[in-house]
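Remarks on the overall topology
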Amino acid sequence: QQQVRQSSQSLTVWEGETAILNCSYENSAFDYFPWYQQFPGEGPALLIAIRSVSDKKEDGRFTIFFNKREKNLSLHIKDSQPGDSATYFCAANMGYKLTFGTGTSLLVDP
Amino acid sequence: NAGVIQTPRHKVTGKGQEATLWCEPISGHSAVFWYRQTIVQGLEFLTYFRNQAPIDDSGMPKERFSAQMPNQSHSTLKIQSTQPQDSAVYLCASSLLGGNAETLYFGSGTRLTVL
């Protein structure tokens, strides 16, 4: 049973568009939600994160929108660049353990 | 800071052979995690050490997988009698204290292929 779900396995956008990656979770006890970015041949790296007490977190071109009542969140990548092409993992944290979704592979076409 | 170092980068074994994967966490980090990554399952938690002590191995297949952390500078994941379904990228990560909302720093992984 997947506790963290990412609705799209892959997504393609044109350069300059806003990419929207969606995520949902089941366990209401999760209280911290990071997004990790992974390039081929590398390990995942933290991109941006939000705590459950907030509904929005912005860092440059990256924004997380969080809906605690609906148990979902989304990552918006504004003005997408070819260098943003990567796999994005939504994760949820309770205590020390991070539970990951299966990832969304983003391709930004120039 | 070299980051988390994993060796080897690639390992090919025959069915039934043993595989040992190595991880060197970031110096000063007291928490070490092992994850397994496949296309189908994504990133699955395997096991967690804090201050070298095993804390949680709930994700480890019980019979053939074992993990150790003999000192603060390295951890090993051993898979006995490897099977084709063990083929995956095994990722090691470390964090400062292993607490809530801490950043995990991942190594580049070891790609295990079982023929």
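As the structure is a computational prediction, the values presented were derived from the model and not from experiment. (Residues numbered from 1 in each chain as written. Chains lettered and ligands numbered in written order. Predicted model: local features only at pLDDT ≥ 70, side-chain atom pairs only at ≥ 80, totals over all residues. Heavy atoms only, no water.)

**Some details on the interface of chain A and chain B**
Each side of the interface is counted separately: chain A has 21 residues, and chain B has 24 residues. Each partner contributes to the roughly 1700 Å² buried at the junction of chain A and chain B, and carbon and sulfur atoms together form 51% of this total. At the boundary of chain A and chain B, one finds one salt bridge. Between Lys97 of chain A and Asp56 of chain B there is a salt bridge; the shortest N-O distance is 3.5 Å. Joining chain A to chain B, the criterion identifies ten residue pairs in polar contact (both at pLDDT 80 or more). The set of elements that each furnish at least two residues to the side of chain A that touches chain B consists of strand S4 (32-38), strand S5 (45-51), strand S9 (86-94) and strand S10 (97-100) of chain A. Across the side of chain A that touches chain B, the residue classes break down as nine nonpolar, eight polar and four charged. (Contact = heavy atoms within 4.5 Å. Buried area = accessible area lost by both parts, 1.4 Å probe. Salt bridge = Lys/Arg side-chain N within 4 Å of Asp/Glu carboxyl O. Polar contact = N/O pair within 3.5 Å; in protein donor to acceptor, adjacent residues only side chain to side chain. Helix = DSSP H or I, 4+ residues; strand = E, 2+ residues; numbered from the N terminus. Nonpolar A, V, L, I, M, F, W, Y, C, P; charged D, E, K, R; others polar.)

**What to know about the sheet that holds strand S6 (residues 56-59) of chain A**
Residue and element names in this part refer to chain A. Spatially, S1-S3-S8-S7-S6 is the arrangement adopted by the five strands of the open sheet, whose pairing is antiparallel. At either margin of the open sheet sits one strand with a lone partner, and together these are strand S1 (4-6) and S6. Each strand axis lies, on average, 15 degrees off the axis of its neighbour in the sheet, ignoring direction. Note that strand S7 (residues 62-67) and strand S8 (residues 72-77) share six bridges and pair antiparallel. Looking at the pairing, Phe66 lines up with Leu73 of S8. (Pairing = 2+ DSSP bridges. Axes fitted to C-alpha atoms, helices over the stretch in contact; angles between N-to-C directions.)

**Concerning the state of the cysteines**
Overall, the coordinates contain two disulfides over all chains when judged by the stated rule. Each sulfur of the disulfide joining Cys23 of chain A and Cys90 of chain A lies 2.0 Å from the other. In this structure, the disulfide formed by Cys23 of chain A and Cys90 of chain A twists by about -75 degrees around the S-S bond and is classed as left-handed. Of this pair, Cys23 of chain A sits in strand S3 (residues 19-25) while Cys90 of chain A sits in strand S9, placing them 67 residues apart in sequence. For Cys23 of chain A, a relative accessible area of 3% translates into the label buried. Here Cys23 of chain B engages in a disulfide with Cys92 of chain B; their sulfurs sit 1.9 Å apart. Linking Cys23 of chain B and Cys92 of chain B, the disulfide has an S-S dihedral of approximately -60 degrees and is accordingly described as left-handed. With Cys23 of chain B in strand S3 (residues 19-24) and Cys92 of chain B in strand S9 (residues 88-95), the pair connects residues that are 69 residues apart, well separated along the chain. An identical accessibility class is assigned to Cys23 of chain B and Cys92 of chain B; each is buried. (Disulfide = S-S within 2.5 Å. Buried < 20%, exposed > 50% of the residue type's maximum accessible area, 1.4 Å probe, protein only.)

**Some points on the pairing of S10 of chain A**
Residues and elements named next belong to chain A. On S10, burial follows the alternation: Leu98 and Phe100 on one face are buried, whereas Lys97 and Thr99 on the facing-out side are not. Across four bridges, S9 lies against S10 in antiparallel orientation. Along S10, the bridge assignment pairs Met94 with Lys97. The turn joining S9 and S10, which pair antiparallel and follow one another in sequence, is formed by two residues; a positive phi near 70 degrees is taken by Gly95.

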